[in-house]
Structures are given as structure tokens and as C-alpha cells.
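Tertiary structure, described
This is what each chain is made of:
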Amino acid sequence: MSIDLKPDPATLGCPARLNPLAVLRTDALQFQFQQGDWESELEKLRRLNFRAAIVGPKGRGKTTLLEQLHTRLVDLGHHCSRRRTPSAKADQAILLTETEALPSSTILLLDSAELLTRTNRRLLLLTVERRNLGLVVTTHRSEFLPTWIECRTSSELLHSLLTQLLPRESSGWEAHANAAFRKHAGNIREVFRELYDLYASGELV
Amino acid sequence: MIALKLDKPKLHYDIDEPIVGEVIWDGLTERCDLIELRLLWYTSGKGDRDLLVIARIAVMKPGVSGKQRFHFDPPGGPYSFSGALISLVWAIEAVTVPLSDSQIIEFTLAPSGNEVRIGATSGINA
């Protein structure tokens with residue numbers, strides 16, 4: 001008796017570790033400002049007393065920007081605390097209690113602040129004021145903090161990012177990328193996921 | 001600069017083989033307290049990354065330049081594998097503390113020397 005390992009059609013494409021759209025690679029992309037650069041944008045944030053919002057719909061790079069802001073602020077000597085907003089009210093109460101305990105001048109970097117209830121939003125702002133904290137949030141709508149950066153995407157931005165990710169010899173991806181960009185209404189994360197599947201299946205190489 | 005060199009040039013290891021090699025460094029500052037060598041695996045693919053450090057070796061007060069042999073016990077598993085959605089990759093990483101330089105070298109851990117391909121179907125011929 002012999003056992004043959006036959007390749008399944010599903011594995012004929014790119015193994016996950018070599019997929020150019022693997023999350024490991026897309027997460028390493030640098031945020032691209034539409035105008036200005038880190039220096040000018042950090043100056044703008046300083047003028048806002050480090051209390052501001054990164055605004056935009058899903059898949060526009062808000063979390064990427066927040067993560068990279070975290071690194072920059074720590075490098076500049078700021079004390080930061082990065083959190084993701086919990087969706088449950090009880091967990092939001094814990095977040096408020098923990099915020100209350102942060103050392104003065106800490107900058108709280110809060111992802112997905114649109115999940116906060118109206119009451120918790122107000123309580124958070126009061127705590128930030130009382131404890132002299134910074135607060136930079138990502139949110140879908142600018143409602144309770146001035147906008148620092150509004151994240152937008154464009155097909156030009158998508159092409160620029162894909163050019164960094166894809167192998168030089170890769171071809172035929174432009175039409176797929178454009179179609180996916182339209183289909184997902186500018187959500188670049190979803191475009192990456194769709195293109196990931198095309199490389200995984202071998203449809204794109 | 002940090003460089004990692006594994007003794008086996010093909011970078012394929014069986015699960016009961018130790019991972020042996022050498023770390024070489026040059027041009028580090030005197031502020032470097034240690035170089036940490038980590039035996040780890042991580043996942044890569046469509047979803048979020050998982051990472052597990054299996055063992056660590058510290059090279060204390062490495063100085064500006066030098067080299068040192070290292071030996072990690074056989075990790076035993078899991079095997080290196082790849083499918084369309086996820087891969088598991090083994091690696092040795094060298095990192096200075098405080099962080100100023102790092103180096104990573106990947107290898108395959110599997111009985112045959114080749115990573116396991118998830119989704120491969122087995123046919124049994126009697």
C-alpha cells in the first residue's frame with residue numbers, strides 16, 4: 001500500500017506565508033498623508049492639545065495611523081496608553097475607571113470611539129479634562145473632538161500601496177484592484193482581502 | 001549590525017534536532033545591555049498574526065562587537081505548514097535591548113524537510 005499526497009487545486013496558488021497581501025505585510029505599510037508629513041501633522045496635533053479625532057469610514061487607515069502615531073509619540077518621550085473601545089457598556093465603564101487612573105499628561109489613544117455611548121463619551125471627556133490627559137481617537141464621525149486628520153482613500157493611493165506590496169513581476173492586478181475598490185466603496189482593507197484570495201488561488205501571480 | 005548563522009545551511013530541521021548556530025554583532029553602542037535570542041514561531045496569512053516565543057537566550061553586556069555560539073533544544077513541534085489562508089513559520093530572532101537592531105532567520109521544522117501543505121489530499125493506493 002502507498003500513500004500519495006496529491007496537490008489540491010486550492011493549494012496550487014500562493015502559500016499564505018508568501019502571499020503579498022498577508023496581513024503581516026499590509027500592516028507594515030506606512031500611513032500616507034494626503035497633505036503634509038509627520039512633522040507638520042504632529043505640530044497640528046500639538047496645537048490641538050493632543051485632543052483630537054482621526055475620522056473616516058472603515059478601511060481608510062485610521063487604525064494604522066493611530067498605531068504609527070503611538071510609536072512616534074513614545075519616541076518623542078510622551079507617555080501613551082493605546083486601547084480599543086469595548087462594545088459592551090460594562091466594559092466601557094472599566095475603560096473609564098482605568099482612564100481615571102492614568103498618570104497625568106498621558107495621551108490615551110482610543111480606537112473605534114464611535115462605539116462609546118453618548119453618556120460614556122461625556123464622562124470620558126470630563127475625565128480627560130480633570131486628569132489633564134491627551135485623547136486621540138479614531139471614529140467614523142467627528143462628534144466630540146476636533147478633527148485632526150480625515151482619512152480618505154483614492155484609487156491612486158490604492159495603486160501606490162499595492163506597488164509597495166506586490167512583486168515587480170506581478171501583472172494583471174490593476175483591473176482587479178480597480179473593480180474591488182469600486183465594489184467595496186473605497187474600503188482598502190476589503191480590497192486587500194479580496195486580492196489576497198486571488199493570489200491564494202493562483203488567479204494572480 | 002547583528003547577523004545570525006545557523007549551522008545547517010539548508011535551514012530544514014527535523015523535530016528532534018537542536019537548532020544550533022552563531023550570532024555575530026558589530027557596531028553596537030555601549031548602551032546595549034544584552035542581545036536576546038528567541039526561538040519562536042509565528043503565523044502569517046489573511047488573518048491576524050499569532051506569535052509564540054518558545055525559548056530565549058540572553059547574551060549579557062555584548063560590547064561593541066563579538067560573536068557567540070547558541071544552542072536551542074529541539075522544539076518538538078508544531079510543524080511548519082502552509083495553506084491558502086495561514087502559514088506557520090519558525091524563526092530565530094536576535095534583538096538588542098534596548099531595541100536598536102534586530103535580525104531574524106526563518107527555517108522549516110518538519111519531518112520531511114518540507115513544510116506541510118494544508119489542503120493536500122491523500123490518496124491511498126492498495
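Residues numbered from 1 in each chain as written. Chains lettered and ligands numbered in written order. Predicted model: local features only at pLDDT ≥ 70, side-chain atom pairs only at ≥ 80, totals over all residues. Heavy atoms only, no water.

A count of helices and strands for chain B gives zero helices and 11 strands. Tracing chain B from N to C terminus, the helices and strands come up as β-β-β-β-β-β-β-β-β-β-β. Counting every position in chain B, which comprises 126 residues, the buried fraction comes to 40%. Expressed as a percentage of contacts within chain B between residues at least 6 apart in sequence, the contacts between residues at least 24 apart total 66%. Averaged over its 12 positive side-chain charges, chain B has a centre that lies 3 Å from the centre of its 16 negative ones. (Helix = DSSP H or I, 4+ residues; strand = E, 2+ residues; numbered from the N terminus. Buried < 20%, exposed > 50% of the residue type's maximum accessible area, 1.4 Å probe, protein only. Contact = heavy atoms within 4.5 Å. Lys, Arg positive; Asp, Glu negative; His and termini not counted. Charge placed at Lys NZ, Arg CZ, Asp CG, Glu CD.)

Residues and elements named next belong to chain B. Its location among the elements puts T96 in strand β8 (residues 86–97). Take T96: its relative accessible area is 0%, and that puts it in the buried class. At a separation of 3.1 Å, a polar atom in the side chain of T96 contacts the main-chain carbonyl oxygen of P98. Among the polar contacts made by the side chain of T96, one reaches the main-chain amide nitrogen of D101 at a distance of 3.0 Å. Those residues in contact with T96, other than ones at most four positions away along the chain, are I2, L28, C32, L34, I35 and D101. (Polar contact = N/O pair within 3.5 Å; in protein donor to acceptor, adjacent residues only side chain to side chain.)

Residue and element names in this part refer to chain B. In the predicted model, chain B carries a mean pLDDT of 91, and 94% of its residues have values of at least 70. Taken together, the stretch residues 122–126 has pLDDT below 50 and engages in 13 contacts with residues farther than four places along the chain or on a different chain. The complex prediction reports pTM at 0.83, with the ipTM value standing at 0.79. (pLDDT = per-residue confidence, 0-100.)

Bringing unusual backbone geometry into the picture now. Residues G77 of chain B and P78 of chain B are joined by a peptide bond in cis, for which omega reads 0°. Within the secondary structure, P78 of chain B sits in the loop between β6 (66–72) and β7 (81–82). With omega at -5°, the peptide bond leading from V97 of chain B into P98 of chain B counts as cis. Examined against the element boundaries, P98 of chain B turns out to sit in the loop between β8 and β9 (102–109). Phi is positive for S112 of chain A, which is not a glycine, with a value near 60°. Residue placement: S112 of chain A occurs in the loop between β4 (107–111) and α5 (118–130).

This part is about the sheet that holds strand β3 (residues 19–25) of chain B. Within a sheet, adjacent strands bond to each other through the backbone by hydrogen bonds, running parallel or antiparallel. All names here are of chain B. Spatially, the three strands line up as an open sheet ordered β1-β3-β6, and their pairing is antiparallel. For this open sheet the edge positions go to β1 (2–6) and β6, each flanked by a neighbour on one side alone. Averaged over neighbouring strand pairs, the angle between their axes works out to 20° when direction is ignored. (Pairing = 2+ DSSP bridges. Axes fitted to C-alpha atoms, helices over the stretch in contact; angles between N-to-C directions.)

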